[in-house]
Amino acid sequence: MYNNRRLALSIFWVVIGLVLVGLSIAEKLDSSMYAGMGGALAAVGALQVIRNLQYRRNEEYREKVDTEVSDERNRFLRMKSWSWTGYIVVLVEAIGVVVAMILGKETVQLVLAYSVCLLVGVYWLSYVVLSRKY
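Here the structure is a predicted model, which is why all the values come from computation and not from measurement. (Residues numbered from 1 in each chain as written. Predicted model: local features only at pLDDT ≥ 70, side-chain atom pairs only at ≥ 80, totals over all residues. Heavy atoms only, no water.)

Caption draft 1: Expanded view of unusual backbone geometry. Located in the positive-phi region is Glu27, a residue other than glycine, with phi close to 60°. Within the secondary structure layout, Glu27 lies in the loop between α1 (4-25) and α2 (33-57). Overall, Glu27 belongs to the exposed group, its relative accessible area being 66%. (Helix = DSSP H or I, 4+ residues; strand = E, 2+ residues; numbered from the N terminus. Buried < 20%, exposed > 50% of the residue type's maximum accessible area, 1.4 Å probe, protein only.)

Here's what the structure looks like:
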């Protein structure tokens with residue numbers, strides 16, 4: 001599952017994160033958002049490097065990860081979780097459109113409405129593609 005490309009990508013995220021933090025400390029970047037984003041990238045990259053090295057060195061961990069990735073029940077649960085997430089997000093955003101309209105928040109209403117349209121459009125497109133494939 002883990003290969004050299006993933007390890008290199010994880011190291012790349014660590015480097016990019018540290019560069020962002022360094023540029024923020026040196027005040028080359030104005031917003032503190034870049035320091036936070038850089039810290040997050042560096043932390044996630046470092047955790048991924050640790051996972052990758054543990055996968056390579058520890059046989060038990062490798063077996064556990066491979067089982068989790070290839071297990072049919074886990075695949076089903078991941079697929080079902082995404083489908084529930086899609087329904088919930090569309091419904092919450094649609095309710096948000098109505099609430100924003102009642103409160104007179106036109107910008108929020110438009111952003112939520114566009115998001116609902118995008119999600120429904122992607123759903124329709126993926127349905128068309130998958131119906132041809134299966």
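Caption draft 2: Structural context of the pattern of salt bridges. Tallying each qualifying case throughout the model produces one salt bridge. Between Arg62 and Glu59 there is a salt bridge; the shortest N-O distance is 2.7 Å. Here Glu59 and Arg62 lie together in helix α3 (residues 59-70), a separation of three residues that amounts to about one turn. Judged by its relative accessible area of 47%, Glu59 falls in the partly exposed class. (Salt bridge = Lys/Arg side-chain N within 4 Å of Asp/Glu carboxyl O.)

Any functional reading would require information beyond the geometric quantities listed.
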